[in-house]
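Observations on the three-dimensional arrangement
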Amino acid sequence: MRYLPFLICLAVYAADYPTETGRFSHEQLIGYAQEYGTPLYVYDGDRIKEKFHKFSKAFKDAYGNTKIYYALKANTNLSIVALLKKEGASAECISMGEIYLARKLGWKGEDILFTSSSKSPVEMEYAVNHDVVINLDSMGDLENLIATVEKLKKKARVSFRLNTDVDPKTHKHISTSHKTTKFGILFENDQIMEGYKRAYDHPLLEVWGIHSHIGSQIMDDSPFVRNVKLVTTAVKRLKQELGIELKFMDLGGGLGIPYRDGQEPLEPEVVANKMAKLVKQELKDLGYMPALWMEPGRYFVGDAGFLVARVNSVKDTPYKHFINVDTGFNHLVRPILYEAYHRVRVLGRKGEREKFDVAGNICETGDILAYDRMLPRPSVGDYVAFMDAGAYGFTMASEYNMFTLPAEIMVRGDKVDVIRKRPDIEDLFRNQILLKDLE
Ligand code: LLP
């Protein structure tokens, strides 16, 4: 027993350094870094396609009448969104910008769902004018919509977002359905029934659906199942008390992906089968079944993306060893914002490992992209890859500290395409105005 810690240490050192990086070899990623420069987001287009089809097949097989909306916020690169559109996704949008993007790529009307929790009159008008399905988050939202349709004398299709008070067992910043969170309308005081009644009675509103999204990066199927129970309760009450039949029931996104070695995935087939079974059971005597809509983001793009960075220096102190790279939380904010874990690979290096912090180049102490990782020692000029960076990576990036944004490339088979050019340093000043009297 006395020797156990020593034996564990030995085992860790003896174990092979995990060198796989999804579909890409280390050499491939090094090649992209050399050709396109760093920091560089690399996406595997084939993987995105595969994940989309796995997910949509799982829900189609389990339920039949389904529709999959891609939550654009996970990755809004035009070519990535276009790829998902080509494969058959519809678009879940959170802002006028995202609706604009969806329309730019050719989505129309009911293939666009607008789910902001705080819509301005301008955004509402834009949504009504473009016939998108509008998902209402509060009674104020409903008033805003009524004022808009009356002004434009134009019809709108609506759903309401229900807050089901389900604990999704994920990080608190990405848990959306607790009764104290800002999202959705609660059941408990019947406000949602009041909203439906008002919308149903309004000549310019068509009641289309009900919506709920309980959170993100969920790795357990039980919160999804519990949520179905609550949403179907609302569906039943709407029919029984108000005579309302819905076209769709949107059960949100949130399916997590494994970020750690050895972590078990949550398979969409498992979630789809459990959800579909319960929906069918709960609604079997209702006389109708709404379509089942889902709106994942991370599941499609998360593990298809890598952020590749260059090693600028390796610093050893009596307390810590640091690998200093040419990116930071400005380009991958998840570790500092959610204490998120991204696997790191020192590309092209194997062998003995030491404990390193992988540090970004932002002038903040918290800019550590990976703490206490057992990694091979890199040389200056080597590259590292942060894995599973395809979702909420580039989309949440900023130019903080005046670093330009990374370039992005997409790989499909043998084909490599730049899908976002590396900005020029002058781009950092776009739209700024230097006042003449200060020059
Ligand atoms: N639908 C709604 C209404 C949402 O708010 C979201 C995500 C989704 C769908 C898609 O969720 P997904 O399938 O991607 O989990 N930045 C955080 C995640 C924020 C999620 C925001 N809403 C992160 O990096 O973990």
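Keep in mind it's a predicted model, so treat the numbers as computed, not measured. (Residues numbered from 1 in each chain as written. Predicted model: local features only at pLDDT ≥ 70, side-chain atom pairs only at ≥ 80, totals over all residues. Heavy atoms only, no water.)

A word on the pairing of strand 16 (residues 383-386). In the case of a regular strand, side chains alternate between the two sheet surfaces. On strand 16, burial covers both faces: Tyr-383 and Ala-385 on one face and Val-384 and Phe-386 on the other are all buried. Two elements, strand 11 (residues 305-316) and strand 16, share four bridges in a ladder whose sense is antiparallel. Looking at the pairing, Leu-307 lines up with Phe-386 of strand 16. (Buried < 20%, exposed > 50% of the residue type's maximum accessible area, 1.4 Å probe, protein only. Helix = DSSP H or I, 4+ residues; strand = E, 2+ residues; numbered from the N terminus. Pairing = 2+ DSSP bridges.)

Before going further, it helps to examine the site of the ligand. Around the ligand, a shell composed of 19 residues is seen, among which Ser-216, Glu-295, Arg-334, Tyr-338 and Tyr-392 lie nearest. Tyr-338 places a polar side-chain atom, nitrogen or oxygen, 2.7 Å from a nitrogen atom of the ligand. In the complex, the protein chains occlude 92% of the 590 Å² of accessible area that the ligand would expose alone. In the shell around the ligand, the residues fall into six nonpolar, seven polar and six charged. Built from parts of two domains, the shell around the ligand gets at least three residues from each of domain 1 (16-43 + 303-429) and domain 2 (76-296). (Near = heavy atom within 4 Å. Polar contact = N/O pair within 3.5 Å; in protein donor to acceptor, adjacent residues only side chain to side chain. Areas by Shrake-Rupley, 256 points an atom, 1.4 Å probe, with all protein chains shown as cover. Nonpolar A, V, L, I, M, F, W, Y, C, P; charged D, E, K, R; others polar. Domains from an automatic or database assignment.)

Before going further, it helps to examine the nonpolar core. The biggest cluster of nonpolar side chains holds 108 residues, and the ones touching the most others in it are Phe-59, Leu-145, Ile-210 and Phe-386. Both domains that meet at this core, namely domain 1 (16-43 + 303-429) and domain 2 (76-296), each give it at least three residues. (Core = buried A, V, L, I, M, F, W, Y, C linked by side-chain atoms within 4.5 Å.)

All right, on to a nonpolar patch on the surface then. On the surface, a cluster of nonpolar side chains totalling about 480 Å² of accessible area is made up of Ile-433, Leu-434, Leu-435 and Leu-438. Here Ile-433 is to be found in the segment after strand 18 (415-420). (Patch = residues over 30% accessible without salt bridge, like charges linked within 9 Å, V, L, I, M, F, W, Y side chains within 5 Å. Salt bridge = Lys/Arg side-chain N within 4 Å of Asp/Glu carboxyl O.)

Moving on: the pattern of salt bridges. On inspection of all chains with the given rule, the structure shows 37 salt bridges. The shortest N-O distance in the salt bridge between Glu-125 and Lys-151 comes to 2.8 Å. Of this pair, Glu-125 sits in helix 6 (residues 121-129) while Lys-151 sits in helix 7 (residues 139-152), placing them 26 residues apart in sequence. Residue Lys-151 is classed as exposed on the basis of its relative accessible area, which comes to 55%.

What follows is about helix 4 (residues 78-87). Considered for burial, the residues of helix 4 that qualify are Ile-80, Val-81, Leu-83, Leu-84 and Glu-87. End-on view of helix 4: buried residues confined to an arc of 155 degrees, all on one side of the axis. In this structure Asn-77 caps helix 4, since a side-chain oxygen of it lies 2.9 Å from the backbone nitrogen of Ser-79. Backbone geometry just downstream of helix 4 places Gly-88 in the positive-phi region, at approximately 120 degrees. (Arc of directions from axis to C-beta.)

When the domains of the protein chain are assigned, the result is domain 1 (16-43 + 303-429) and domain 2 (76-296). One C-alpha centre belongs to domain 1, the other to domain 2; they are set 34 Å apart. Each side of the interface is counted separately: domain 1 has 18 residues, and domain 2 has 13 residues. A combined buried area of about 1400 Å² lies between domain 1 and domain 2, and 55% of that area is made up of carbon and sulfur atoms. Three residues, Tyr-338, Tyr-341 and Arg-343, lead the burial of domain 1 against domain 2; their summed loss comes to 34% of the area buried on that side. Our count for the domain 1 to domain 2 interface comes out at two salt bridges. For Arg-345, the salt bridge goes to Asp-261, with nearest N and O atoms at 3.2 Å. Summed over the shared surface of domain 1 and domain 2, the number is six residue pairs in polar contact (both at pLDDT 80 or more). Those elements that place two or more of their residues in the side of domain 1 that touches domain 2 are helix 12 (334-338), strand 17 (407-412) and strand 18. When residues of the side of domain 1 that touches domain 2 are assigned to their parent elements, the largest contribution, three residues, is made by helix 12. (Contact = heavy atoms within 4.5 Å. Buried area = accessible area lost by both parts, 1.4 Å probe.)

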